[in-house]
Amino acid sequence: MKILKDFFKHRETFIGIATAFAFLLIFFCVWMTAYDGVTDRVDQLKVGLVNDDAQMGKTISNNLEKNLPFKVKGYKSLTSAKEDMNKRDLDMVINIPTNFSSSLKENNDTEIKYFINQANSSLTKQIMAGATKDITQTINKGVYTYKQELILSNLSKGLSASLPSEELAQKLSENITNVFSSLTIDPVQSSVKKTNNTEGFAATMLPMLIVLASWVGAMIMSLNLNSVSVQLKNIHSKWSIFFTRQFINIGASIILAIITLLFMYAFDIKFTTNLFETWVFQTLVFFSFLSLTQMFVVLFGPAGMVFNIISLSMQLVTFGVIVPKAMLSNFYQAVGSYFPATYVADGYYTVIFGGTSLSHDMNILLIVSLATIFIAIGKVALQPGIKAKPEPMPTKKEIAVH
C-alpha cells in the first residue's frame with residue numbers, strides 16, 4: 001500500500017493516467033463525429049462514363065447518368081478518362097465499347113468494361129466492385145426487354161400479311177418459339193480491370209503504417225528534444241538550441257527515410273517511382289511530421305502533446321486510406337487538406353500503385369514544414385533570452401597543477 005501512495009506522490013503518475021484518458025476521449029470524439037453519416041455520402045464518389053457505341057450505347061449512357069448514385073462525368077475518349085483516374089479525380093471508369101450493339105446482334109452477347117482505380121481507399125474499391133454487378137444487371141434487364149420488343153415488332157409486320165396456308169402458320173409458330181428460346185437473360189457481361197494494381201494486402205496498408213509510425217515517432221522525438229532544450233537553456237542561447245534542433249530533425253529525417261526504404265525492400269514492396277524520388281519524398285514525410293509536432297511543443301510546452309494527439313486522430317480519419325475523403329463531411333474534408341498525412345497517403349498511393357508524379361505532394365509537405373518552422377521561430381523570438389553563464393577562470397593554483 002505504501003508503494004501505491006508513493007506512486008501517487010509523483011506528478012508523472014497523474015500525467016500518465018490523464019494521457020490515457022485524453023487518447024480515449026479524443027479518438028472517440030473525432031472518429032465518431034467524422035464517420036457519422038459516411039454511408040449517406042456515397043453520391044460524392046466520382047465515375048467517368050465513356051460511350052463509344054453509336055446505337056444502343058447512347059440510350060444506356062443516358063440512363064446511367066440519370067440513375068447512378070454517383071457523380072457521373074462523360075468523356076469523349078477512354079484515354080482522357082484514365083488520365084483523370086490516375087490523378088485520383090475518378091474512382092471508376094465505365095466504357096461502352098464500339099462493338100457493343102453489333103456484337104449483341106451477331107453473337108447474342110456483348111460486354112461492358114469497368115476500370116476500378118486500386119490507388120484508393122478500401123471502402124471505395126469495395127463500393128465500386130459492388131456497383132459493377134448492379135450496373136451490369138440493370139443493363140441486362142434493359143437489353144433483354146429491348147430485344148423482346150424488337151422481335152415482337154418484326155413479328156407484327158410479318159403477320160400483317162395474310163397467311164396463305166395452315167402449314168406456313170405452323171412453321172412460323174415454331175420459328176417464333178425458337179427465337180424466344182434463343183434469347184439469353186444476361187447477354188451483357190462485365191469486364192472488370194483493376195488499374196494501378198499491386199499484389200498483396202500488406203502493400204495496400206503501407207500508407208496507414210507510414211503515417212501512424214512516422215507521426216507517433218515524431219511526437220515522441222519532439223517531446224524529448226524539447227525536454228533537452230529546457231535543460232540546455234541556461235548553458236546555450238535560445239537560437240543555437242533551436243537551430244540545432246532543426247539540424248537534428250533534418251539528419252534524423254534523412255537517416256529514417258533510408259531505413260524505411262530498406263524495410264520496404266526487405267518486405268518486397270515494389271516501387272513505381274524511382275529510388276531517389278521516393279527517398280526525397282520519405283525524407284519530407286518525416287521532416288514535415290517533426291516540424292508540425294515540434295511546433296505544438298514549442299508553442300505550448302509538454303501540453304502541446306495534447307494537440308499532437310488531436311492531430312493524429314484528425315489525420316487518421318481524413319487522409320483517405322480508411323474512408324474516401326469525398327465521403328466525409330465538408331468540415332473534415334477542409335481539415336484534412338491542411339494536414340500533411342493527406343499528402344503522405346496520396347504520395348504513397350503513387351509510390352505503390354502508380355499514377356501521377358510525387359512533385360505536388362512533395363511541394364505541399366515542404367510548405368507545411370516551412371510554415372510550421374516559421375511559427376515556431378516566432379514563438380522562440382518572443383521568449384526571453386538567457387545568457388549562457390561564463391565558465392569561471394582557472395586559478396593560478398589550478399594552472400600550476402596543469
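Above this text is the structure in question.
Our subject in this report is the structure included herewith. (Residues numbered from 1 in each chain as written. Predicted model: local features only at pLDDT ≥ 70, side-chain atom pairs only at ≥ 80, totals over all residues. Heavy atoms only, no water.)

## A short note on the overall build of the chain
Note the following rule: Strands are runs of DSSP state E lasting at least 2 residues, helices are runs of H or I lasting at least 4, and numbering of each runs from the N terminus. Categorising residues by exposure relies on relative accessible area from a 1.4 Å probe, with only protein chains included: less than 20% of the type maximum marks a residue as buried, more than 50% marks it as exposed, and the intermediate range marks it as partly exposed. Here a residue-residue contact requires only that any non-hydrogen atoms of the pair lie within 4.5 Å. Surface accessibility in these figures is a Shrake-Rupley result with a 1.4 Å probe; residues are shielded only by whichever protein chains are displayed.
When helices and strands are counted, the chain shows 16 helices and 5 strands. Sorting the 402 residues of the chain into buried and exposed places 41% on the buried side. Considering only residue pairs separated by 6 or more positions, the chain has 78% of its internal contacts joining residues 24 or more positions apart. Accessible surface computed for the chain: about 22700 Å², of which carbon and sulfur atoms make up 64%.

## Things to note about the packing of aromatic side chains
For the record, the criterion: For this analysis, a ring pair means two rings from Phe, Tyr or Trp (six-membered ring only for Trp) whose centres lie within 6.5 Å, classed as stacked if their planes differ by under 30 degrees, edge-to-face if by over 60, and tilted for the remaining angles.
In the structure shown here, the tally under the stated rule is 11 aromatic pairs. A centroid spacing of 6.4 Å and a plane angle of 90° characterise the contact between tryptophan 239 and phenylalanine 242, whose relative ring orientation is edge-to-face. Placement of both tryptophan 239 and phenylalanine 242 in helix α10 (residues 238-266) is noted, with a separation of 3 residues, approximately one turn of the helix. Relative accessible area serves as the criterion here: at 31%, tryptophan 239 is assigned to the partly exposed category. Relative accessible area serves as the criterion here: at 3%, phenylalanine 242 is assigned to the buried category. Here a set of aromatic residues connected by ring pairs shows up, and it is made of Trp239, Phe242 and Phe243.

## Overview of the nonpolar core
Across soluble globular proteins, you tend to see nonpolar side chains buried next to one another. Counted only if it meets this: What is meant by a nonpolar core is a set of buried Ala, Val, Leu, Ile, Met, Phe, Trp, Tyr and Cys residues, joined one to another through side-chain atoms within 4.5 Å.
Of all hydrophobic cores here, the largest spans 75 residues; its most connected members are Ile94, Ile135, Ile139 and Tyr348. Judged by nonpolar contacts, the second largest core, of 7 residues, contains Tyr75, Ala81, Met85 and Val93.

## Here's the deal with the sheet that holds strand β1 (residues 46-51)
Counted only if it meets this: Strands are labelled as partners when DSSP assigns at least two bridges between them. Interaxial angle, 0 to 180 degrees, is taken between N-to-C directions of lines fitted to C-alpha atoms, where a helix line uses only the stretch in contact.
On the basis of which strands lie adjacent, the open sheet formed by 5 strands has the order β2-β1-β3-β4-β5 and mixed pairing. Each end of this open sheet is capped by a strand with a single partner; those strands are β2 (71-75) and β5 (188-195). Across the sheet, the mean angle from the axis of one strand to that of its neighbour is 20°, orientation sign disregarded. Pairing of strand β3 (residues 92-96) with strand β4 (residues 110-117) involves 4 bridges; the strand directions are antiparallel. Counterpart to valine 93 in the pairing with β4 is phenylalanine 115.

## Regarding helix α4 (residues 78-86)
This is how the line gets drawn: Within this analysis, the arc is defined by the directions that extend from the helix axis to the C-beta atoms.
Listed as buried for α4 are Ala81, Asp84 and Met85. Projection of α4 onto a plane perpendicular to its axis shows the buried side chains occupying an angular sector of 105°, all on one side. The secondary structure elements touched by the buried residues of α4 are β1, β2, β3, β4 and β5. Within two residues after α4, arginine 88 carries a phi angle of roughly 65°, on the positive side.

## So, the pattern of salt bridges
Rules: Take a side-chain nitrogen of Lys or Arg and a carboxyl oxygen of Asp or Glu: if they are within 4 Å of each other, that pair is a salt bridge.
Here the structure, examined in full by the defined rule, presents 3 salt bridges. Among the salt bridges present, the one from arginine 88 reaches aspartate 346, with a minimum N-O distance of 3.9 Å. Of this pair, arginine 88 sits in the loop between α4 and β3 while aspartate 346 sits in helix α14 (residues 340-353), and the two are 258 residues apart along the sequence. In this structure aspartate 346 comes out as buried when scored by relative accessible area, which is 13%. One salt bridge connects lysine 270 with aspartate 268, and the closest N-O pair in it is separated by 2.9 Å. Each member of the pair, lysine 270 as well as aspartate 268, is classed as exposed. Three or more residues joined by partner-sharing salt bridges are found here, namely Arg88, Lys325 and Asp346.

## A look at the packing of helix α9 (residues 206-232) against helix α11 (residues 275-300)
We count it as follows: In this scheme, roughly parallel covers angles under 35 degrees and roughly antiparallel covers those over 145, while 65 to 115 is roughly perpendicular and the rest are oblique. Note on convention: near helix rotated counterclockwise from far helix by under a right angle means a left-handed crossing. Clockwise means right-handed. Three classes are used, and their members are as follows: Ala, Val, Leu, Ile, Met, Phe, Trp, Tyr, Cys and Pro are nonpolar, Asp, Glu, Lys and Arg are charged, and the others, Gly among them, are polar.
Two elements in contact, α9 and α11, have axes separated by 8 Å at closest approach and are oriented at 45°. Taken together, the axes of α9 and α11 lie oblique to each other. The interaxial crossing formed by α9 with α11 has right-handed handedness. In this structure, α9 contributes Ile210, Val211, Ser214, Trp215, Ala218, Met219, Met221, Ser222 and Asn226 to the contact, and α11 contributes Gln282, Val285, Phe286, Phe289, Leu290, Leu292, Thr293, Gln294 and Val297. Here the contact of α9 with α11 is composed, by residue class, of 12 nonpolar, 6 polar and no charged.

## What to know about unusual backbone geometry
Most of the time, phi is negative for any residue but glycine, and the peptide bond is trans. Of note, the phi angle at arginine 88 is positive, near 65°, even though the residue is not glycine. Given the relative accessible area of 22%, arginine 88 is considered partly exposed. Of note in this structure, aspartate 268 is not a glycine but carries a positive phi near 60°. Its location among the elements puts aspartate 268 in the loop between α10 and α11.

## Re helix α15 (residues 359-382)
An α-helix turns once per 3.6 residues; consequently, residues spaced three or four apart project the same way. Basically, it comes down to this: One less than the residue count of a helix, multiplied by 1.5 Å, gives the span that helix is expected to have.
Across its 24 residues, α15 extends 35 Å between first and last C-alpha, which sits within 8% of the 34 Å expected from 1.5 Å per residue. Along α15, the residues classified as buried are Asp361, Met362, Leu365, Val368, Ser369, Thr372, Ile373, Ala376 and Val380. Taken together, the buried residues of α15 touch α10, α11 and α14.

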